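Remarks on the overall topology
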Amino acid sequence: MTLRITILLLLAMPNISFGGTFERDFTVVYITQATETKYGHFPFDRSLLAQAVEKAADGGAKGVIIKFFLDRSRTAEGDHRLATAMARVPVLLQARLDDSESAPNPLGERFTLPGSSFKAAVSGNSGWIPLPEFSIPAHDVCFVDFDSSPVPIVETYQGKTVKSLLACAAELAVGLKAVIRPAKDISIGGQTVLLDSLNRVIITLPHEKPPASFDFNSLLDGSIPASALRNRVVIIGYDGTSIPQVSSPLGTMGAHRLFVLMLKGFYESMTPHKPVATDAPKTDAHSSDKQLFAAGQFSSTLTK
């Protein structure tokens, strides 16, 4: 009887596990020179980005990370199609701090963490925030104000605590919200990484070859393998002719490739622990094109 009850309890538990392997849980897609040869110089009309999100949703992707800033309007038709596509699959959008931004878009309360006990290495009162048209259907909006280790897991925006895109990406891949103990650790799905006094993680970049990637064209034309989409988080980045080149342990590479390398290092650095909270909530499926690599900011690198 006891064995039967145990089996029934196990069957009733949610099917959530921490993969711990970047290549198993993420697929990387880059807009490259080949993409620009076909569609013209980036940034494209957002209807193309919408098509990519639609293809990921059709392929059973767990989620999508858009590594561009969506803080300025483009064509009404393209923007509307992208916003509509975002309602089909959980999508992470990025933001960054920039106090020179005179009229930032509003950041919804659901993208901030409650409480005021978090110290942060970076803070600001303005920035590049996604348009409401995109943030409303977004799964999460997360910040990317880093260019090297240690990397902030939280930042402060207008006095509120906000998460790093690294933390949001891991949450999306695992399917659980992070439990962050200030100045101690961040835990996701039974795995943990230590935090310093400013709530940053130290990332050792992998020295092996970068993760495999696919060209944006293959996502649009359907030639990307089905296994590269199903139950994966699809990262859509830029690695075309205008991407700034940065140094890494593997040599010079585009800034978005370095971000992917840092995400891989963070994701695979998590180690098993005794959970600090047994009821960490599941992620809620609905819970810019702008130049950035400058002044110590590492994130997307595109013009508005």
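Residues numbered from 1 in each chain as written. Predicted model: local features only at pLDDT ≥ 70, side-chain atom pairs only at ≥ 80, totals over all residues. Heavy atoms only, no water.

1. Describing the overall build of the protein chain
Across its full length, the protein chain holds nine helices and 18 strands. As presented, the protein chain carries roughly 13,200 Å² of accessible surface, and 54% of it is formed by carbon and sulfur atoms. (Helix = DSSP H or I, 4+ residues; strand = E, 2+ residues; numbered from the N terminus. Areas by Shrake-Rupley, 256 points an atom, 1.4 Å probe, with all protein chains shown as cover.)

2. As for the pairing of strand E3 (residues 91–97)
Counting buried positions along E3 gives seven out of seven residues, so the element sits mostly inside the fold. Burial of the side chains of E3 extends over both faces: Val91, Leu93, Ala95 and Leu97 are buried on one face and Leu92, Gln94 and Arg96 on the other. Bridging between strand E2 (residues 63–66) and E3 involves two bridges; their strand directions are parallel. The residue of E3 that forms the bridge with valine 64 is valine 91. Where the polypeptide runs from E2 across helix H5 (residues 76–86) and back to E3, its parallel neighbour, the crossover connection is right-handed. Bridge count for E3 against strand E6 (residues 140–143) is four bridges, and the pairing is parallel. (Buried < 20%, exposed > 50% of the residue type's maximum accessible area, 1.4 Å probe, protein only. Pairing = 2+ DSSP bridges. Right-handed = clockwise from strand over helix to strand, strands pointing away.)

3. A few points about the sheet that holds strand E9 (residues 160–163)
Think of a sheet as strands paired side by side through backbone hydrogen bonds, with each pair either parallel or antiparallel. In spatial order, the strands read E4-E8-E9; together these three strands make up an open sheet with mixed pairing. Both outer strands of the open sheet, strand E4 (123–124) and E9, are each paired with one neighbouring strand and no more.

4. Regarding helix H4 (residues 46–58)
With 13 residues, H4 extends 18 Å from end C-alpha to end C-alpha; this agrees with the ideal 18 Å at 1.5 Å per step. In terms of burial, H4 is a largely internal element, ten of the 13 residues being buried. Of the positions making up H4, those classed as buried are Arg46, Ser47, Leu48, Leu49, Ala50, Ala52, Val53, Glu54, Ala56 and Ala57. Glycine 60 sits one or two positions beyond H4 and adopts a positive phi of about 80°. (Expected span 1.5 Å × (residues − 1).)

5. Side note on the confidence of the model for the protein chain
Predicted confidence across the protein chain gives a mean pLDDT of 85, with 83% of residues reaching 70 or more. This model gives residues 1–17 a pLDDT under 50, and the stretch forms seven contacts once residues within four places in sequence are excluded. Low confidence marks residues 275–303, where pLDDT is under 50. Its contacts with residues over four positions away, or in another chain, come to 117 contacts. (pLDDT = per-residue confidence, 0-100. Contact = heavy atoms within 4.5 Å.)

6. A word on the state of the cysteines
The final tally for this structure, using the stated rule, is one disulfide. Residue cysteine 142 pairs covalently with cysteine 168 via a disulfide, S to S 2.0 Å. An S-S torsion of about -95° defines the bridge between cysteine 142 and cysteine 168 as left-handed. With a gap of 26 residues between them, cysteine 142 in strand E6 and cysteine 168 in helix H7 (residues 165–174) connect regions that are remote in the sequence. Per residue, the accessibility class of cysteine 142 equals that of cysteine 168, and both read buried. (Disulfide = S-S within 2.5 Å.)

7. A closer look at the packing of H7 against helix H9 (residues 255–267)
The packing of two helices is summarised by the inter-axis angle and the distance between the axes. Two elements in contact, H7 and H9, have axes whose closest approach is 10 Å; the angle formed by their N-to-C orientations is 60°. The orientation of H7 with respect to H9, classified from their angle, is oblique. Handedness of the H7/H9 crossing: right-handed. Touching Leu165, Leu166, Ala167, Ala169, Ala170, Ala173 and Val174 of H7 are Phe259, Met262, Leu263, Phe266 and Tyr267, all from H9. (Axes fitted to C-alpha atoms, helices over the stretch in contact; angles between N-to-C directions. Parallel < 35°, antiparallel > 145°, perpendicular 65-115°, else oblique. Left-handed = near helix turned anticlockwise from the far one by under 90°.)

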